[in-house]
Amino acid sequence: METRVGQSVAEAAAWLQQGRLVAIPTETVYGLAANALDADAVLDIFAVKGRPAFNPLIVHVHDATEFARYAETVPDEVYQLAARFSPGPITFVLPRKACIPDAITAGGDTVALRIPNHPLTLELLRSTGMPLAAPSANPSGYISPVTANHVLDQLGGRIPYILDGGPCSVGIESTVVTWHEGRCLVLRTGGLTIEELRSVVPTVETTSDDPAQPRSPGQLTSHYAPRIPLVLGNLDELLERHAGQRIGLLSFRPLAVPIAVVRHEVLSTTGDLGEAARSLFGALRRLDACGADIILAERVPEHGLGVAINDRLQRAAAER
Ligand code: TXA
Ligand code: MG
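Residues numbered from 1 in each chain as written. Chains lettered and ligands numbered in written order. Predicted model: local features only at pLDDT ≥ 70, side-chain atom pairs only at ≥ 80, totals over all residues. Heavy atoms only, no water.

Caption draft 1: Quick look at the sheet that holds strand β15 (residues 294–297). A sheet is described by the order of its strands in space; here 4 strands give the open sequence β12-β15-β13-β14, paired in parallel fashion. Here the strands that pair on one side only, and so sit at the sheet edges, are β12 (230–232) and β14 (263–266). Averaged over all neighbouring strand pairs, the angle between strand axes comes to 20 degrees, with direction disregarded. Helix α10 (residues 273–288) rests against β12, β13 (247–251), β14 and β15 of the sheet, and its axis sits at about 170 degrees to β13. Contacts between helix α11 (residues 306–317) and the sheet are confined to β12 and β13, with β12 contributing the most and set at about 130 degrees to the helix. (Pairing = 2+ DSSP bridges. Helix = DSSP H or I, 4+ residues; strand = E, 2+ residues; numbered from the N terminus. Axes fitted to C-alpha atoms, helices over the stretch in contact; angles between N-to-C directions. Contact = heavy atoms within 4.5 Å.)

The structure is reproduced here in structure tokens:
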């Protein structure tokens, strides 16, 4: 199959209306989209990604007035958060309505809803009136794509169209929240910070390991993983321990490296966490392809967007 790359919302809409998959730009990462109300098209997403059927999908809509079409109940806090942060990197997990196919919810009784902040995708959602189911447009478990080329590299030949909206402005996936016994819980950290959530819902909780609490099925320990091993820790110690190996290096800020490395990626020249989030997945892909044996990486400061960046680094480093 030929994969076309372009900026035509009309072409993207036509493929989706025929039940085909289209990669779409968002502010977080590129998504692999299908008409959410077409169960066969939704199943195709799982096939193309190699995604386990137990992992539910996010449904993208253009406005908060759409939430009640797909969710049975919508807490007031959802509308308060959406008024402040949507379109933007926040996803709401709510009780589903029956119109949502089982494949999307992985058979569960909730549906994840989000309004992505990208002009082309908002135009696509508005012009078609179609809700779009879309996970990140990468093979399951691999690094998420933040440019049209990242999608083409991996899904080229498997989907008819990539809607090219340029590089993603946030660069890390949305923050996923739900409500459990009336309390707002974070299921996945992401592009909207806990500090921002707290400014609207001061009581928001981050989930513990309590098995009685809901969790996000996609939060597998190993995720966002390059093909070569990634080790996370203190870079001085790691460089000493791995001297003699072909090293790919990932540092938060610029760093004078005492030994020769194959490639050095700096997440932010100024120590800015927003820039680091935008750089992260591209840097990991380049390091994975640079011919090194191993990637040595360090954590970033654990506040603001740093919390979500560290979560991705931790999962990229996890045993597979
Ligand atoms: O920023 C994003 O959220 C991107 C863009 C494309 O919108 N999408 C994305 O999708 O990251 P995906 O499938 O890679 O991650 C979605 C996460 C997974 O951890 C999944 O388990 C969780 O959301 N999720 C989806 N539906 C859920 C539900 N009903 N209950 C709990 N978790 C859910
Ligand atoms: Mg993903």
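Caption draft 2: Layout of the packing of aromatic side chains. Per the counting criterion, the structure on display carries 3 aromatic pairs. Taking 5.8 Å as the distance between ring centres and 20 degrees as the angle between the ring planes, the aromatic pair formed by Tyr224 and Phe281 counts as stacked. Within this pair, whereas Tyr224 is found in the loop between β11 (205–206) and β12, its partner Phe281 is found in helix α10, the two being separated by 57 residues in sequence. Taking relative accessible area as the criterion, Tyr224 reaches 1% and is therefore assigned buried. Since its relative accessible area comes to 0%, Phe281 is described here as buried. Every member of this aromatic cluster is reached through a ring pair, and the members are Phe67, Phe92 and Trp179. (Phe/Tyr/Trp six-rings, centres within 6.5 Å; stacked < 30°, edge-to-face > 60°. Buried < 20%, exposed > 50% of the residue type's maximum accessible area, 1.4 Å probe, protein only.)

Caption draft 3: Quick look at the pattern of salt bridges. Tallying each qualifying case throughout the model produces 13 salt bridges. The partner of Arg286 in a salt bridge is Glu265, and the shortest N-O contact between them spans 2.8 Å. Taken together, the positions of Arg286 in helix α10 and Glu265 in strand β14 put the pair 21 residues apart, joining distant regions of the chain. On the accessibility criterion, Arg286 (39% relative accessible area) is partly exposed. For Glu265, a relative accessible area of 7% translates into the label buried. (Salt bridge = Lys/Arg side-chain N within 4 Å of Asp/Glu carboxyl O.)

Caption draft 4: Broad picture of unusual backbone geometry. The peptide bond linking Ser86 to Pro87 adopts the cis configuration, its omega dihedral lying at -5 degrees. Inspection of the secondary structure assignment puts Pro87 in the loop between α4 (76–85) and β5 (90–95). If you check the backbone angles, Ala106 has positive phi at about 55 degrees while not being a glycine. Inspection of the secondary structure puts Ala106 in the loop between α5 (102–105) and β6 (110–114). Here the phi dihedral of Glu181 falls at roughly 50 degrees; this positive angle occurs in a residue that is not glycine. With respect to the element layout, Glu181 can be found in the loop between β9 (175–180) and β10 (183–188). Judged by its relative accessible area of 67%, Glu181 falls in the exposed class.

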